[in-house]
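Chains, contacts and geometry: an overview
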Amino acid sequence: MTIRIGIIGCGAIAAIHIKAYRAIKGVEVVACADISLERARSFATKYELPRAYEDYVQMLASEKLDAVSVCTPNYAHCEPTVKALEAGFHVLTEKPIAMNAREAARMLDTARRTGRLLTVGHHMRFQPAARFLKRLIAAGDLGQIYFGRSHALRRRGVPGWGEFHIKSKSGGGPLIDIGVHTLDLIIWLMGSPVPTTVTGSVFTKFGNRPDFYSNWGDYKREEYDVEDFACGFVKFADGSALLLEASWAAHLPVHESYAQVILGDRGGAQFRPFCNEGAPLEILTARDEALVDIRPSALPEVDVYEEEMKHWIASIRGEAEVLVKPEESLNIQRLIDAIYLSSERGREVVVAEEFKENP
Ligand SMILES: NC(=O)c1ccc[n+]([C@@H]2O[C@H](COP(=O)([O-])OP(=O)(O)OC[C@H]3O[C@@H](n4cnc5c(N)ncnc54)[C@H](O)[C@@H]3O)[C@@H](O)[C@H]2O)c1
């Protein structure tokens with residue numbers, strides 16, 4: 001059976017989705033929609049799609065689809081997702097799941113009510129090294145996991161396209177943009193523990209300065225109202241803890257770095273998803289008096305977006321379980337909300353107290 005896809009939002013990530021869908025047999029992208037009809041049309045022309053819409057609601061009503069990719073800015077993830085699920089289609093929405101936990105909970109409730117699948121575009125989980133590490137942890141090679149450290153850092157990297165720098169459109173800065181990727185990854189690797197308390201601080205030191213130079217394109221400095229650096233400390237219900245950092249701009253010793261460190265009582269691991277120097281994955285352990293470091297010397301080279309879409313299509317066909325579960329993304333969205341809240345209030349946030357209506 002051919003799986004028919006519609007795409008909402010025809011920007012940078014939509015181009016990656018379509019390329020990945022096209023690499024899979026039995027998948028057809030049949031329509032796209034964008035609030036800019038011009039953008040929808042030029043996307044449809046470029047990728048030879050039969051139809052382009054200005055209004056995604058019209059696309060959902062007119063097209064016989066199996067699933068929808070929601071590739072809009074963060075402020076427009078919730079509504080199109082809810083409407084697509086209600087129209088009877090499965091949804092892959094881009095990260096972050098939503099602007100905040102309230103929206104994420106609404107999306108999850110709709111998926112449950114309609115019995116449709118909902119997943120979130122966390123492609124980092126599809127890296128062969130991440131999946132290998134996940135299997136090692138599941139097999140008990142690291143023992144009991146008690147600590148994680150996660151960072152997503154850019155020295156000068158405020159996105160210069162879209163509206164990532166405007167809080168009402170994005171929900172926040174690097175924490176919700178790139179921090180969410182590494183948070184998703186590390187919390188998944190740690191076994192999806194539930195956060196209980198969160199302490200965080202966010203800072204805006206560069207992004208709104210007229211003299212600030214960013215390497216990632218240009219944007220209006222006077223519109224910038226999100227953080228450019230975030231850090232946090234999280235305690236989980238299973239007793240484990242996590243330290244995290246995310247940055248678009250800071251005086252760092254690196255231009256760009258993503259890293260996850262996990263400590264267990266039998267072994268530790270460091271995973272650096274995009275590193276070009278040294279080993280991206282190291283397993284650190286001990287045998288008797290000897291310290292033993294394991295560095296996988298070869299893992300399959302794949303296109304992670306293709307892997308993500310292959311798994312998504314297999315889930316739609318009922319041949320696999322969705323890997324990024326919306327419950328996990330809601331959990332992470334709560335954690336992100338709690339970091340912003342903690343920073344605002346200047347004190348620790350108790351997660352269960354803040355999200356009482358959706359425990
Ligand atoms: N997984 C990844 O690696 C990855 C990478 C980049 C972006 N993203 C995510 O993808 C999303 C889009 O980012 P992008 O870089 O493609 O942005 P973009 O600005 O390039 O594209 C967004 C498109 O959505 C359209 N749009 C805006 N509001 C809309 C609405 N209400 N209905 C229909 N169309 C609408 C815009 O006109 C634009 O064409 C963001 O949430 C971002 O966080 C994920």
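Conventions adopted
- Residues numbered from 1 in each chain as written.
- Predicted model: local features only at pLDDT ≥ 70, side-chain atom pairs only at ≥ 80, totals over all residues.
- Helix = DSSP H or I, 4+ residues; strand = E, 2+ residues; numbered from the N terminus.
- Buried ≥ 20, exposed ≤ 12 C-beta atoms within 10 Å, placed from the backbone.
- Contact = placed C-beta atoms within 7 Å.
- Core = buried A, V, L, I, M, F, W, Y, C linked by C-beta atoms within 7 Å.
- Domains from an automatic or database assignment.
- Pairing = 2+ DSSP bridges.
- Axes fitted to C-alpha atoms, helices over the stretch in contact; angles between N-to-C directions.
- Parallel < 35°, antiparallel > 145°, perpendicular 65-115°, else oblique.
- Nonpolar A, V, L, I, M, F, W, Y, C, P; charged D, E, K, R; others polar.
- Near = placed C-beta within 6 Å.
- Right-handed = clockwise from strand over helix to strand, strands pointing away.

**Some points on the overall build of the protein chain**
Each helix and strand in the protein chain was counted, giving eleven helices and 15 strands. Seen through its C-alpha atoms, the protein chain measures out along the principal axes to roughly 65 × 50 × 45 Å. Split into buried and exposed, the 359 residues of the protein chain put 48% on the buried side. Sequence separation of 24 or more characterises 72% of the internal contacts of the protein chain that already satisfy a separation of 6 or more.

**Describing the nonpolar core**
Core analysis: the biggest nonpolar cluster contains 99 residues, and Ile7, Cys32, Val91 and Ile339 have the highest contact counts within it. At ten residues, helix H8 (residues 174-189) tops the list of elements feeding residues into this core. In terms of domain composition, this core takes at least three residues from each of domain 1 (3-120) and domain 2 (125-306 + 332-353).

**A closer look at the sheet that holds strand E11 (residues 256-264)**
The nine strands are arranged E14-E13-E12-E11-E7-E10-E9-E8-E15 in an open sheet whose pairing can be described as mixed. Here the strands that pair on one side only, and so sit at the sheet edges, are strand E14 (290-294) and strand E15 (349-350). When strand E13 (residues 281-287) meets E14, the two strands line up antiparallel, connected through five bridges. Across the sheet, the residue bridging to Leu284 is Asp293, located in E14. Across the sheet, helix H6 (residues 128-138) touches strand E7 (145-154), strand E12 (267-271) and E13, and the angle it forms with E12 is around 170 degrees. Across the face of the sheet, helix H10 (residues 326-345) comes into contact with strand E8 (195-203), strand E9 (229-236) and E15 while running at roughly 55 degrees to E8.

**A word on the packing of helix H4 (residues 78-86) against helix H5 (residues 101-114)**
Here H4 crosses H5 at 5 degrees, and the two axes come no closer than 9 Å. As the angle between them shows, H4 and H5 are arranged roughly parallel. The residues of H5 that touch H4, namely those facing Cys78, Thr81, Val82, Leu85 and Glu86, are Glu103, Arg106, Met107, Thr110, Ala111 and Thr114. The class makeup of the residues in the contact of H4 with H5 is five nonpolar, three polar and three charged.

**Re the site of the ligand**
Taken together, the neighbourhood of the ligand is formed by 25 residues, with Gly9, Gly11, Ala76, Glu94 and Gly162 sitting nearest. The leading source of residues in the shell around the ligand is helix H1 (residues 12-22), at three residues. Broken down by class, the residue content of the shell around the ligand amounts to twelve nonpolar, eight polar and five charged. Mapped onto the domain boundaries, the shell around the ligand takes at least three residues apiece from domain 1 (3-120) and domain 2 (125-306 + 332-353).

**Structural notes on the sheet that holds strand E2 (residues 27-33)**
What holds strands together in a sheet is hydrogen bonding between their backbones, with the strands either parallel or antiparallel. Overall, parallel pairing links the six strands, which are arranged E3-E2-E1-E4-E5-E6 in an open sheet. Single-partner strands in this sheet number two, and they are strand E3 (51-53) and strand E6 (118-120). Each adjacent strand pair in this sheet contributes to an overall mean axis angle of 25 degrees, direction not counted. Looking at chain direction, strand E1 (residues 3-8) and strand E4 (residues 67-70) are connected through four bridges and run parallel. Across the sheet, residue Gly6 finds its bridge partner in E4, namely Val68.

**Concerning the pairing of E1**
The pairing of E1 with E2 spans six bridges and is classified as parallel. When the sheet's bridge partners are listed, Ile8 is paired in E2 with Ala33. For the crossover from E1 across H1 to E2, the handedness is right-handed.

**What to know about the domain arrangement of the protein chain**
Often, the extent of an interface is quoted as the loss of accessible area upon association of its parts. Segmenting the protein chain into domains produces domain 1 (3-120) and domain 2 (125-306 + 332-353). One C-alpha centre belongs to domain 1, the other to domain 2; they are set 26 Å apart. Listed by partner, the interface residues are 16 residues for domain 1 and 15 residues for domain 2. Ranked by residue count, the leading element in the side of domain 1 that touches domain 2 is H1, at three residues. For the side of domain 1 that touches domain 2, the per-class residue count stands at twelve nonpolar, three polar and one charged.

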